[in-house]
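# Topology and contacts: notes
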Amino acid sequence: MHVPEPPAVPAPRTHWVLWIAVPAAAALLMLGISYGGVRAYVLRRADANIRDVLLSHRGFHVYVQRVLLPAYDEAMAEGRLPRDFYLPQLMSSSYMVRVMHQFFNEARVKAGLPPVFYKMAADNPRDPLNRATPEEAALIQRFNEDRTLHALTWTLSLEGRPYLERAVPFLPNTEACLHCHGRRRDAPPGLQALYPGPGGFHEKLGQIRAVEIVRVPIAQEIETAALVSAAAAGGILGLLVLLMFNTRLRGLVRARTALLEAEIHERRRAEAEVRDLNRNLEQRVEERSAQLLAVNRELDAFAYSVSHDLRAPLRALDGFSQALEEDCAPSLDDTGRDYLRRIRKGCDRMGRLVEDLLQLSRLSRRELQRQPLDLSAMALEVAEELQAAAPARPVHVEIEPGLRAEGDPTLVRAILDNLMGNAFKFTATRPDPRVSVGRAWVEGRAAFFVRDNGVGFDMMHADKLFGAFQRFHDPEAFEGTGIGLATVQRAVQRHGGRVWAESAPGTGATFRFTL
C-alpha cells in the first residue's frame, strides 16, 4: 500500500545563523586548544631527545676524565709513554665528542633525517672552533652565577625555519681537569707543544668554562602539530554540524518510515516470488540437462550403431564389385570398367568415413584416463608413420624436445594424428614442405601447436572449421572425410581445453590446443 509522504516542515530562518556561528566558533576554539597542546607535547619530546643526546655526551666526558686520563697519567708516571706524548684524539673528550657527533649527523643524513647542530662553546678554548659568541659567553656567565640552573631551552628562527635549542653547562673544573687546564708549565709537554697559545690554560677550580649547545629543526614537528590540530578541529566541526542537522534528519526519517515499511513488505513478497521462480528454474534446468545428456548419449549410440552397421553392407558392396571387376572385366567395355572403378573408389571413401565416425564416437564414449605423456616422443612416432606412408615426398619435421603434458594417451594421440596428418596433406603442393610441433605460452598457460607452410585457409570460415563434414578445399586435390578436426575438438574438450587456428591462404596454418 502506498503511504503518502508527509509534508516537510521548513526550519525557522533565524536558525541558519546559529548553524554557522556555533560550529565555526567551536572549531576555532578547538583548533587553538589542540594546536597549543600538540605543539607543547612535540616540543617536550624534542627537548627530551636533545637531553638524551647531551647526557650521552656527558657520560662520555666523564669516562674520559675518570678512566682515560688517569690511565694516561699512570702510564706517563711509569715511563711507558714519552714525556712529549699527547694526542687530542685520545685525551680530549671535547675533540672526541665533536668527531662522534659528526658521525652521528652522517648517519642521520643517510637515514633521510636533518643534521643536528652541536657546539661546545668556551670563553678560553684551545681550539678557535670552540670560541664562544657574545650570547654563548653570557650563557656561561649565567651558569656560573646560578649553580642550580642545569639547562636552558628556547626556540628560535633561522632563515625563516624554526629550531629548538638547548644549552647545558659543561662539567665544572676539578683537580683532574687542572692537570691539563691549569698552569701551562704543569701541563704535559706534548699538550704544550700542540697548543702554544694561551687558550685552554689558567682555568680555575670549580669554574664552568664552557657550555654544550644542541640545536634541532622542528619545522616538521610544528607542521605535524598544525595538521593534527586542523584534523581535530575539522572533526569537531563535522560532529557539530552532524549533531545540529540530526534533529531535522530525524524528522525526515520518521516521515519516511511508513513508506519504507510498505516498500520492505513489497520487496519481501517479490523476493519470495523470485525464490520460487529460481527453485522452479533450477528444477527445469536439471530436467533439461538430464534430457540433453540422454539425447547426447542416444546420438552417440546412434552414430556408433549406424557406423558399425554400415560396415557389413559396405564390405559386401566392395567385395562384389571387386569380384565383378576380376571376373567380368574382360566382357565389359571401358564405360563399365570406369563405373566399377568409381564404385570401388566410393566404397573406399565410404569405408574411411565410417572409420572416422567410429573413432569420433569412441572418443566420446571412452572413459578419460589421465597420465603423464611425452608429447615429443608421441609426435615423433606420428611423423615417422606419416613419412613411411609417403616415402617419395620427404617433409622437414621439427619437434621441440621436452614437450610434456597430462592427458589420455589415446585421445592425445588422435589429436596429433589428425593435426599432423593435415599438415602433411596440405603441404603436398609445396617444394619445401615443413611441419613443426612445439609449445608456446598463451595467457599464462602452456599451449601446444602444429604449424605447416601449406596452402592455408581463409579465417572467414574459422567458425565452421571444427564442424563435422566441413571441407574448405577441393576433395579431388586433397583427400579427406571432414571428420578429423571435429575429432580433434572433441578430444580437446574432453580434457577441458580448447583448440583454435590461425591461417591465411597460401601462408600455411597453425593449430594450437591446450589440455
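One can find the structure itself at the top, above this paragraph.
Residues numbered from 1 in each chain as written. Predicted model: local features only at pLDDT ≥ 70, side-chain atom pairs only at ≥ 80, totals over all residues. Heavy atoms only, no water.

### Description of the packing of helix α10 (residues 409–425) against helix α11 (residues 484–494)
Note the threshold: Axis definition: a line fitted to C-alpha atoms, over the contacting stretch in the case of helices. Angles run 0 to 180 degrees between N-to-C directions. To qualify as a helix, a DSSP run of H or I must reach at least 4 residues; to qualify as a strand, a run of E must reach at least 2; elements of each kind are numbered from the N terminus. Each crossing gets its hand from how the near helix is turned against the far one by less than a right angle, where anticlockwise is left-handed and clockwise is right-handed. Contacts were defined at the residue level, with two residues in contact if any of their heavy atoms lie within 4.5 Å. Only Asp, Glu, Lys and Arg are considered charged in this grouping, and only Ala, Val, Leu, Ile, Met, Phe, Trp, Tyr, Cys and Pro are considered nonpolar; every other residue, Gly among them, is considered polar.
Running from amino to carboxyl end, α10 crosses α11 at an angle of 145 degrees, the nearest separation of the two axes being 9 Å. Considering the relative orientation of α10 and α11, their crossing is left-handed. In this structure, α10 contributes Leu411, Ile415, Asn418, Leu419 and Asn422 to the contact, and α11 contributes Gly484, Leu485, Thr487, Val488, Ala491, Val492 and Arg494. Of the residues belonging to the contact of α10 with α11, the class tally is seven nonpolar, four polar and one charged.

### Here we look at the nonpolar core
Convention followed: Remark: nonpolar core denotes a set of buried residues (Ala, Val, Leu, Ile, Met, Phe, Trp, Tyr, Cys) joined through side-chain atoms within 4.5 Å. To sort residues, take the accessible area from a 1.4 Å probe on protein chains only and compare it with the maximum for the residue type: under 20% means buried, over 50% means exposed, and anything in between is partly exposed.
Grouped together as the largest cluster of nonpolar side chains are 34 residues, with contacts concentrated most on Ile415, Leu419, Met420, Phe511 and Phe513. When residues of this core are traced back to their parent elements, those giving at least two are α9 (375–389), α10, β8 (434–442), β9 (445–452), α11, β10 (499–503) and β11 (509–513). Tallying contributions element by element places α10 first for this core, with eight residues. One finds Ala46, Ile50, Phe170 and Val214 within the second-largest nonpolar core, a separate group that totals 17 residues.

### Digging into the sheet that holds strand β1 (residues 117–122)
Here is the rule we go by: Criterion used throughout: strands pair if DSSP finds at least two bridges between them.
With antiparallel pairing, four strands are arranged side by side in an open sheet as β1-β4-β3-β2. Looking at which strands have only one partner, the edges of the open sheet turn out to be β1 and β2 (152–158). The average angle at which neighbouring strand axes cross in this sheet is 25 degrees, direction not considered. For strand β3 (residues 161–169) and strand β4 (residues 210–217), the ladder comprises seven bridges, and the chain directions are antiparallel.

### Here's the deal with the sheet that holds β9
Strand order in the open sheet formed by five strands is β6-β8-β9-β11-β10, with mixed pairing between adjacent strands. Looking at which strands have only one partner, the edges of the open sheet turn out to be β6 (396–399) and β10. Geometrically, the sheet is characterised by an average inter-axis angle of 20 degrees between neighbouring strands, direction not taken into account. The pairing of β10 with β11 spans five bridges and is classified as antiparallel. Bridge pairing in β11 links Glu502 to Thr510. α9 rests against β6, β8 and β9 of the sheet, and its axis sits at about 165 degrees to β6.

### Quick word on the packing of α9 against α10
The test is simple: In these notes the angle categories are as follows: under 35 degrees is roughly parallel, over 145 is roughly antiparallel, 65 to 115 is roughly perpendicular, and the rest is oblique.
It is at 10 Å that the axes of α9 and α10 come closest, and there the two elements cross at 45 degrees. Taken as axis vectors, α9 and α10 run oblique relative to one another. Between α9 and α10 lies a crossing whose hand is right-handed. On α10, the residues touching Leu375, Met378, Ala379, Glu381, Val382, Ala383, Glu385, Leu386 and Gln387 of α9 are Pro409, Val412, Arg413, Leu416, Asp417, Met420, Gly421 and Phe424.

### Concerning the packing of aromatic side chains
Aromatic ring pairs are defined here through the distance separating the ring centres and the angle between the ring planes. Worth spelling out the cut-off: Two rings from Phe, Tyr or Trp (for Trp, the six-membered ring) form a pair when their centres sit within 6.5 Å of each other. Planes less than 30 degrees apart are called stacked, planes more than 60 degrees apart edge-to-face, and all others tilted. Put simply, a charge is over a ring when the Lys NZ or the Arg CZ is close to the ring centre, within 6 Å, and near the line of the ring normal, within 35 degrees.
One pass over the full model with this rule turns up two aromatic pairs. Between Phe448 and Phe513, the ring centres sit 5.8 Å apart and the planes meet at 35 degrees, which makes this aromatic pair tilted. With Phe448 in strand β9 and Phe513 in strand β11, this pair connects stretches of sequence that are 65 residues apart. Ring plane angle 45 degrees and centroid distance 6.2 Å describe the contact between Phe457 and Phe511, whose orientation is recorded as tilted. Placement of Phe457 in the loop between β9 and α11 and of Phe511 in strand β11 is noted, with a sequence separation of 54 residues between them. A cation over an aromatic ring shows up here: Arg215 above the ring of Phe117, its NZ or CZ 4.1 Å from the ring centre. Its guanidinium or amino end placed over the ring of Phe449, Arg451 lies 4.3 Å from that ring's centre, counting from NZ or CZ.

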